[in-house]
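Overview (structure and organization)
As a plain string of letters, each chain reads:
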Amino acid sequence: MRTVPDAIRTYLDTPMPLTTEQLDFYETHRFIKLKSVLNAETVAFFNREIGVQVAAMTTEQIALEDRTTYGKAFLQLFNLWQENEVIKTLVFSKRLAKIAADLMQVTGVRLYHDQALFKEGGGGITPWHADQYYWPLASDKTVTAWIPLQATPLEMGPLEFSAGSHILVEGREMAISDESEDFLNRKLRVTDFEHIIEPFDLGEVSFHSGWIFHRAGANTTHEMRKVMTIIYMDHEMLLKNPENRNQVKDWETWCPGAQVNAVIDTPLNPVLYAQ
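The notes below deal with the structure included here. Worth saying up front: this structure is predicted, and the values here are computed from it rather than measured.

Considering the sheet that holds strand 6 (residues 159-162)
Strand order in this open sheet of 4 strands is 4-9-6-7, and the pairing throughout is antiparallel. Every other strand in the sheet has two partners, leaving strand 4 (126-129) and strand 7 (195-197) as the edge strands with one partner each. On average, each strand axis in the sheet is inclined to that of its neighbour by 15 degrees, with strand direction left out of account. Sitting on the sheet, helix 7 (residues 178-189) touches strand 4, strand 6 and strand 9 (214-216), and the angle it makes with strand 4 is about 55 degrees.

Right, dumping it as structure tokens:
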């Protein structure tokens, strides 16, 4: 395992101020794409490190064509920060955590969990869904940083957003599935929510709230689409009574020992930034 160069450590702790226009955009649409969040050196370094870690942790043996829609969408590995001290440097970045806090307009953020989402060459779509269906969290003060580890053209399946769709209640009860793709594709088509699908430049990172509906297209290239994600929550987030089996599983897995109606303060949910 390599060590993180001092220049990258310093960069990851250097704040990136947001403009009033950017904060207003996020408040209205509940997603934003920000260019030059990471420099080329940092992206290249973690492309390699996370790629090696994902390869070491991956146990998928079913051929791509024989998997379910969910299985074709991506290789999904969780909490890499616990497995790899180098990757922990990225997950614990104050630069990224402060952006999350600023967008949510909170004074601090905790880690919910991280995950690598690697869409293989030829990998299928990620169906429409809202992340917070899975989370036993008492408020919508959540944000996910979606961090491509390479420039990501449309052919590789970048993240797509239905801007402002966090206000839509229908479909929130649906897990990622063929059914969610079909229902939400029809539902969102007849709304006024703007559909945003754009490539990601090298170093560009998106941030989206837990209730915004989003998806990703297929990876029609022969290259792996490497993405790292970090899920942040308000540092005062309370655990709620779970409303489905997935929320029970998330409680047990990502917030073990947390108590309903109490702040989620566990060893797996450290504060990553506080004013």
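Comments concerning the side chain of His-235
Checked against the element boundaries, His-235 lands in the loop between strand 10 (227-234) and helix 8 (245-254). For His-235, a relative accessible area of 16% corresponds to the buried category. If near-sequence neighbours (up to four positions away) are discounted, His-235 is found in contact with Thr-107, Gly-108, Val-109, Arg-110, Val-263 and Val-271.

Some thoughts on the environment of Phe-213
Counting through the fold element by element, Phe-213 comes out in the loop between strand 8 (205-209) and strand 9. Owing to a relative accessible area of 0%, Phe-213 belongs among the buried residues under this scheme. Residues Phe-213 and Ala-163 lie 50 residues apart in sequence; the distance between their C-alpha atoms is 8.1 Å.

Observations regarding the pattern of salt bridges
Within the structure shown, the criterion is met by 14 salt bridges. Across the salt bridge formed by Lys-35 and Glu-204, the nearest N and O atoms sit 3.5 Å from each other. Here Lys-35 is found in the loop between strand 1 (31-34) and helix 3 (40-57), whereas its partner Glu-204 is found in the loop between strand 7 and strand 8, with 169 residues between them in sequence. With its nearest N and O atoms 3.1 Å apart, the salt bridge here joins Arg-186 to Asp-182. With Arg-186 and Asp-182 both in helix 7 and 4 residues apart, this pair spans about one turn of that helix. By relative accessible area, Arg-186 is classed as partly exposed at 43%.

With respect to the side chain of Asp-250
Within the secondary structure, Asp-250 is located in helix 8. Lys-249 is the oppositely charged side chain nearest to the buried, salt-bridge-free Asp-250, at an N-O distance of 7.0 Å. A distance of 2.7 Å separates the side chain of Asp-250 from the side chain of Tyr-112, its partner in a polar contact. Ignoring anything within four residues of it in the chain, the contact list for Asp-250 reads Tyr-112, Tyr-134, Trp-135, Pro-136 and Cys-255.

The rules behind these values
Residues numbered from 1 in each chain as written. Predicted model: local features only at pLDDT ≥ 70, side-chain atom pairs only at ≥ 80, totals over all residues. Heavy atoms only, no water. Pairing = 2+ DSSP bridges. Helix = DSSP H or I, 4+ residues; strand = E, 2+ residues; numbered from the N terminus. Axes fitted to C-alpha atoms, helices over the stretch in contact; angles between N-to-C directions. Contact = heavy atoms within 4.5 Å. Buried < 20%, exposed > 50% of the residue type's maximum accessible area, 1.4 Å probe, protein only. Salt bridge = Lys/Arg side-chain N within 4 Å of Asp/Glu carboxyl O. Lys, Arg positive; Asp, Glu negative; His and termini not counted. Polar contact = N/O pair within 3.5 Å; in protein donor to acceptor, adjacent residues only side chain to side chain.

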